[in-house]
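Report on the structure
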Amino acid sequence: MILWIVQNKAIRSLYLSLKNEGMQMAVRSNSLRPVQKKKSARKKKKGLFVSRSSTMERDYFDYNLLAVVILLTCFGLVMLYSSSAYEAIVENNDDMVYFRKQAIISAAALVFALVESQIDYHWLAEFSFPIYGISTILLIITKYVGREVNGAKRWLGTNSFSFQPAELAKIAVILLLPTLIVKMGYKMKGLKPVLIVGFFGFVSAFCTYYFTDNLSTAIIILGITVVLLFIAHPKTAPFLVIGGLGILVVTIIVAWIITSDVSGGFRIARIQVWLHPEDYSSSGGYQILQALYAIGNGGFFGKGLGNSTQKLGSLPEAQNDMIFSIICEELGIFGAMLVMLLFVFLLYRLFFIAQNAPDLLGSLIVAGIFVHIALQVVLNIAVVTNLIPTTGITLPFISYGGTSILFLMAEIGLALGVSRQIRIK
């Protein structure tokens, strides 16, 4: 609930800020570069007594964002080892298997993010179309040559090296849509540009869902698309109407499933499990019930780091989608709240960068990163606490997954690159 409130308030505040100031910047031309400010006709007085602080600007780099990302990643490694050591010993006779792999990828990804932060994001935006095209092609071929894991074809590669194209699709949309919005400029007031930008986001979401059967990532891509359009478009009413209609449709579908004896369909079964997990305790509801048991066992202060019992074979995917329940069991509600506060601070730093970016392109890119991380955190915690039906979505920087941490760090590198171009007088 805290994350949901912060996310909505931050998006609204960012929307108003960009409406009042951002549209006066890069949208005046088709260039991705920020519009240069006009020089004042009044000449500055030269002399020995002119204050240097009033005439000089210094570069900015958001070390706070970097620090909270490192803190979350290190905490994630600790919790990953705690939640995966037992399974690693049983399956591989080595309790460090999951931890070692994640630690190496995390360290390499962090170095990559720092290097990326030194690259001009305007230059990276020039490659947004090729990146989008490559991500779409990879999504399509995944259906036919992808590697199946846990009953779903979402991976490309071999057993030793593989990745999820859906993760690349997220960053492709985050780069492409702001580029299109900036190039269209004031034309975004019309319906056609909105449909064009929305089309690219919808195509990526559709390919993610249809070719990789990944509904949760498709929802995130659609969320990024809608929020970026909401920020860039001068009118608010159409989005409120569409959002209201969407909520109404979802409510009607859920009410229909509750009041009727519906069976069949993978998605329908998940909704039924969500509504009555105890009735499916031996099948689809087993995982979520074990997660809820873990949360209940932890109490307020938890059982202590490493003392979880649900991770000892009872809770499937304890180191992946359900790692938040292990956090609750070992560190309690108090520890879980501290983790959520770290995510709130991370989102606040992204919000700060988006508000103070030198141009609209930078603001929209960081806004897209903000929406992605916020949605992923909210959806993961909502799944673990059974507020929404189960979806295969990880907790950013904490859950096990090399592809996830790699592309998350790539997004952080983009945000740091935008922050590097902020000028402080």
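These remarks concern the structure in this document. Once a new chain begins, its residue numbering starts again from 1 and follows that chain's sequence as written. Per-residue local features of the predicted model are confined to residues with pLDDT of at least 70, and side-chain atom pairs are confined, for both listing and counting, to 80 or more; whole-chain, interface and lining totals are unaffected and use all residues. Side-chain metrics in this entry use all non-hydrogen atoms of the structure; hydrogen atoms and water are not considered.

**Side note on the pattern of salt bridges**
Where charged atoms of side chains with opposite charge meet at close range, the side chains can pair. Rules: Note on definitions: salt bridges are taken to be side-chain nitrogens of Lys or Arg within 4 Å of carboxyl oxygens of Asp or Glu. Burial classes follow relative accessibility: with a 1.4 Å probe on protein chains only, a residue under 20% of its type's maximum area counts as buried, one over 50% as exposed, and anything between as partly exposed. Numbering of helices and strands runs from the N terminus; a helix is a DSSP stretch of H or I covering at least four residues, while a strand is a stretch of E covering at least two.
Evaluated as defined, the whole model comprises five salt bridges. Notably, a salt bridge pairs Arg100 with Asp94, separated by 3.2 Å at the nearest N-O pair. The class of Arg100 is partly exposed, set by a relative accessible area of 39%. The shortest N-O distance in the salt bridge between Glu329 and Lys303 comes to 3.6 Å. Of this pair, Glu329 sits in helix α13 (residues 323-356) while Lys303 sits in the loop between α12 (286-298) and α13, and the two are 26 residues apart along the sequence.

**Some details on helix α3 (residues 63-92)**
Rules: To obtain the bend at a residue, axes are fitted to the seven residues ending there and to the seven starting there, and the angle between these axes is taken.
Where α3 bends most, the angle comes to about 50°, and this point is Ser84. One or two steps after α3, the chain reaches Asn93, where phi turns positive at roughly 60°.

**Re the packing of aromatic side chains**
We count it as follows: Pairing of aromatic side chains here covers Phe, Tyr and the six-membered ring of Trp, requires ring centres within 6.5 Å, and sorts the geometry by plane angle: under 30 degrees stacked, over 60 edge-to-face, intermediate tilted. Definition used: whenever NZ (Lys) or CZ (Arg) falls within 6 Å of the ring centre and also within 35 degrees of the ring normal, the charge is taken to sit over that ring.
Tallying each qualifying case throughout the model produces 15 aromatic pairs. Seen from their ring centres, Phe199 and Phe200 are 5.8 Å apart, and the 75° between their planes marks the pair as edge-to-face. Members of the aromatic cluster, joined through ring pairs, are Phe129, Tyr132, Phe199 and Phe200. Taking NZ or CZ as reference, Lys143 lies 5.1 Å from the ring centre of Tyr210, over its face. One cation-aromatic arrangement involves Arg349 over Phe352; the distance from NZ or CZ to the ring centre is 4.6 Å.

**Here we look at the side chain of Gln290**
Inclusion rule: Two N or O atoms form a polar contact when they lie within 3.5 Å of each other; inside protein one atom must be a possible hydrogen donor and the other a possible acceptor, and for residues adjacent in sequence the pair counts only when both atoms belong to side chains. Residues count as neighbours in contact if any of their non-hydrogen atoms are within 4.5 Å of one another.
Relative to the elements of secondary structure, Gln290 occurs in helix α12. Using a relative accessible area of 11% as the deciding quantity, one classes Gln290 as buried. At 2.6 Å, the side chain of Gln290 and the side chain of Gln310 are in polar contact. Apart from residues no more than four positions distant in its own chain, Gln290 is found in contact with Gln310, Ser314 and Leu315.

**Some thoughts on the environment of Asn307**
With respect to the helices, strands and loops of the structure, Asn307 is situated in the loop between α12 and α13. The partly exposed category is assigned to Asn307, whose relative accessible area is 41%. Sequence separation between Asn307 and Glu330 is 23 residues; the distance between their C-alpha atoms is 6.1 Å. Engagement of the side chain of Asn307 in a polar contact is seen with the backbone oxygen of Lys303, the distance being 2.8 Å.

**Some thoughts on the pairing of strand β3 (residues 152-157)**
Rule in force here: Between any two strands, at least two bridges found by DSSP are needed for them to pair.
Sheet topology note: the strand β2 (residues 147-149)/β3 ladder contains three bridges and is antiparallel. Pairing of Val149 across the sheet is with Ala152, part of β3. Relative to strand β4 (residues 162-163), β3 runs antiparallel, the two being bridged by two bridges. In the strand pairing of β4, Leu156 is matched with Phe163. Linkage of β3 to β4, two consecutive antiparallel strands, is achieved through a turn of four residues.

**Concerning the sheet that holds β2**
Test applied: Helix axes are fitted to C-alpha atoms over the stretch in contact, other axes to C-alpha atoms as well, and angles between N-to-C directions run from 0 to 180 degrees.
Read from one edge of the open sheet, three strands run β2-β3-β4, paired in antiparallel fashion. Across the chains shown, the open sheet's two edge strands, defined by having one partner strand only, are β2 and β4. Against the sheet, helix α6 (residues 128-145) touches β2, β3 and β4, its axis set at about 110° to β3.

**Observations concerning the nonpolar core**
Where we set the bar: Side-chain atoms within 4.5 Å are what join buried Ala, Val, Leu, Ile, Met, Phe, Trp, Tyr and Cys residues into a set we call a nonpolar core.
Residues Leu65, Phe343, Leu346, Leu350, Ile373, Phe397 and Ile398 are the most contacted members of the largest nonpolar core, which totals 103 residues. It is helix α14 (residues 360-384) that contributes the most residues to this core, 17 residues altogether.

**Topic: unusual backbone geometry**
You will see that Asp213, though not glycine, has its phi angle at about 55°, which is positive. Along the chain, Asp213 falls in the loop between α8 (191-212) and α9 (215-232). On the basis of relative accessible area, Asp213 is assigned to the partly exposed category, the value being 33%. A positive phi angle, close to 55°, is found at Glu317, a residue other than glycine. Here Glu317 falls in the partly exposed class, since its relative accessible area comes to 27%.

**Some points on the packing of α12 against α13**
Rules: What sets the label is the angle itself: under 35 degrees gives roughly parallel, over 145 gives roughly antiparallel, 65 to 115 gives roughly perpendicular, and the rest give oblique. Three residue categories are used. Nonpolar comprises Ala, Val, Leu, Ile, Met, Phe, Trp, Tyr, Cys and Pro, charged comprises Asp, Glu, Lys and Arg, and polar comprises the others, including Gly.
Their axes nearest at 7 Å, the elements α12 and α13 cross at an angle of 10°. The orientation of α12 relative to α13 falls into the category roughly parallel. Judged by residue contacts, Ala291, Ala294, Ile295, Asn297 and Gly298 of α12 engage Ser325, Cys328, Glu329, Gly332 and Ile333 from α13. By residue class, the composition of the contact of α12 with α13 is five nonpolar, four polar and one charged.

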